[in-house]
Amino acid sequence: MSRARKGVAVGLSLVALTAGATAGAGPAVAQPKAAAAAAADCSAAYRIEQKLASGTTWRMCWRYDSMAGLVLEDVTYQPKGEAAPIKVLNSARLGQIHVPYDDGQNEFDDLTGQNFAQDLMELAPGECPGGTIKSVKIPDGDPERPTVKGLCTTTRSRGHAYRMQGDTASKVYQAQGKDLLVYTVNQVGWYEYMTEWRFQDDGTVNMNVGATGSLSYDDYDAGDGRGWPIGKGPRSKATSHSHNVFWRLDFGLDGSSRNQIEQYDSAVTAPGSGDQAPTTKTTRTKVTKELAGNAKAYRWWRVVSATGKNKDWHPRSYEIVPGATTKYPGRSFTKHDVYFTQYNKCEKFASNNPGSCGAGAGASVDKWVNGETLTHPIVWMNVGFHHIARDEDQQPMPIHWQGFSIAPRDVTAMNPLTPDDLVWQNGHWQPRS
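Residues numbered from 1 in each chain as written. Predicted model: local features only at pLDDT ≥ 70, side-chain atom pairs only at ≥ 80, totals over all residues. Heavy atoms only, no water.

Draft legend 1. Quick peek at the overall build of the protein chain. A count of helical and extended segments in the protein chain gives 1 helix and 22 strands. When the 433 residues of the protein chain are sorted by exposure, 49% land in the buried category. Across the protein chain, contacts joining residues at least 24 apart in sequence account for 66% of those joining residues at least 6 apart. Accessible area for the protein chain stands at about 19,500 Å²; split by element, carbon and sulfur atoms hold 51% of it. (Helix = DSSP H or I, 4+ residues; strand = E, 2+ residues; numbered from the N terminus. Buried < 20%, exposed > 50% of the residue type's maximum accessible area, 1.4 Å probe, protein only. Contact = heavy atoms within 4.5 Å. Areas by Shrake-Rupley, 256 points an atom, 1.4 Å probe, with all protein chains shown as cover.)

Draft legend 2. Just the pairing of strand β5 (residues 86-100), in detail. Most of β5 is tucked away: 15 of the 15 residues are buried. Of the strand pairs in this sheet, strand β4 (residues 69-78) and β5 are connected by 6 bridges, and their pairing is antiparallel. Residue pairing for β5: Tyr77 is matched across the bridge by Ile86. Of the strand pairs in this sheet, β5 and strand β14 (residues 241-251) are connected by 8 bridges, and their pairing is antiparallel. Bridging across to β14, Ala92 finds its partner in Leu249. Across 3 bridges, β5 lies against strand β6 (residues 107-109) in antiparallel orientation. (Pairing = 2+ DSSP bridges.)

Draft legend 3. Structural detail: the nonpolar core. Grouped together as the largest cluster of nonpolar side chains are 66 residues, with contacts concentrated most on Trp58, Trp197, Phe199, Leu249 and Ile406. Broken down by element, the residue count for this core peaks at 7 residues, all from β5. (Core = buried A, V, L, I, M, F, W, Y, C linked by side-chain atoms within 4.5 Å.)

Draft legend 4. Representation of unusual backbone geometry within the structure. Gln395 follows Gln394 through a cis peptide bond whose omega is -25 degrees. On the secondary structure map, Gln395 appears in the loop between β21 (377-387) and β22 (397-409). In the segment running from Gln395 into Pro396, the intervening peptide bond is cis, with an omega of -5 degrees. The phi dihedral of Asp254 is positive, around 60 degrees, even though this residue is not glycine. In this fold, Asp254 is placed in the loop between β14 and β15 (260-269). A relative accessible area of 6% means that Asp254 is categorised as buried. Even without being a glycine, Tyr298 presents a positive backbone phi close to 65 degrees. The residue Tyr298 is located in the loop between β17 (291-293) and β18 (299-309) in this model.

Draft legend 5. The arrangement of the confidence of the model for the protein chain in detail. On average, residues of the protein chain score 88 in pLDDT, and 89% of them reach the 70 mark or higher. When the criterion is pLDDT under 50, residues 1-35 qualifies, and its contacts beyond four places in sequence or with other chains add up to 111 contacts. (pLDDT = per-residue confidence, 0-100.)

Draft legend 6. Broad picture of the environment of Glu107. Inspection of the secondary structure puts Glu107 in strand β6. Judged by relative accessible area, which is 7%, Glu107 ranks as buried. Residues Glu107 and Ser242 lie 135 residues apart in sequence; the distance between their C-alpha atoms is 9.5 Å. In this structure the side chain of Glu107 is engaged in a polar contact, spanning 2.7 Å, whose partner is the side chain of His98. One polar contact links Glu107 to Arg331, side chain to side chain, over a distance of 2.8 Å. (Polar contact = N/O pair within 3.5 Å; in protein donor to acceptor, adjacent residues only side chain to side chain.)

Laid out in C-alpha cells, this is it:
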C-alpha cells in the first residue's frame, strides 16, 4: 500500500460514546405472526437466485454504488419446508475500510477517499469456477471502462454440515454443506480487496474481506522501528499498518424494518453448597436506544423480528457472531466492535462520511450514537487486522481474511437440513421402541 496513494489522511477527534439500554431478563415476548416476505424484486440482470443441493434457496438483488461498491438488497432465505421466502436483510454492504499507518504519517479511508468502487477488477473465468461472472456498470467511473466483468456468483462446498450416529451402528446421518458465494475484487493502491459474501444452506451468512495483491516497495523505509525487515538484511522495513473494516447491515426480518436488538450476558459463579460444578446465569437486555457495544466473553447480540415467528411459535432472529479482531484504539470510531444506530439515510459510511448530516452530526459512526430510540436499527460491525508484513507477503501477497457472521436463531423450527426421517424429533422426544 503506497504512501503516494490518492486522497488525504482524515483526522477525527476522540469523543465519548453514549449508549442506551433497558435491562430485563427472561424469554422473548411473542409477537403477532406475519406472512413471509416476497422474493427479491428486480430485473433479471440484477437478480441473484440460487437453489442449493439441500433444497435451500437464496434470493437477492444487487447494485453497484459509486463509493461502497457491491450492495446486496432484499435478501431472502427459503429452506426446504418453508412455503415462501423469509426476508432477512433490506441491504448489506461495506461501511468503510480505514487504514492508519503505524508511523502516523498516513491514514486512509479506502471507500470514501481512495476510489475503491471505481477500481473494480475484471475477473477471469477461472476465478469463478462453476459460476457466472456478471457485468457491472461503474458509476462515475472511467468513461473508457464503463463496464467491468467483475461480479462472481458461484457455489462451493464447505465440508460437513452435520454428522450424527443413528439408532443403530450401521446408520449415520451426515450431509455436506453448500454455500452460495458472491464476490468482487477492488484495487486500492498496491492492495486488492476481495469482498466476499457466503450464504450457507443452513441460513448462516458470512461476510469477509480478504486483502491480497502486493506490498508497496515505496514503503520499505520504516527506519523508526515500527516496520518489519523485508528482503535481504535488516535495512528495508515495510511499514506496519491496520485494516479496520466496517460492514453496514439493514435488517428486514419478515419484511419489517422495525426489528429489536437484544444483548445477552452470562455470569459464571463458583460451585455452591451441594453443586458439582459452577453455575451460569444468562441475562437478556433489550437495547432500546442507540448503542456502541464491545464484544466480550459470554456476551452476544441478536436482531429479533417484530412480526414473524417460526412453526414452533418462537420469534425469528439472527445472532451476530463476531470474528477474530484486533481493535484499533487510535480513533473514536474504531474503539467499539459494533454500533446499533437509528436509520438515517444520510449516515452511509462509518468514517469520513460524505456530506453533512446536520449541525453537530459528525462524520463518523460514533457521533451518531446519541440516544435516539431504535425503531429501525442499523448494525455497523467493526473488525480490525494489524498487518505487520513478513517475507512471505511477497510476491504476490497471500490473502488474509477478516470478517464475521450472522447465524439464524429460531428462524426455522428445526435444523433446515434435517433428513426427512428425523423431522418428527422436534422438542421433547423419546427413542423409537
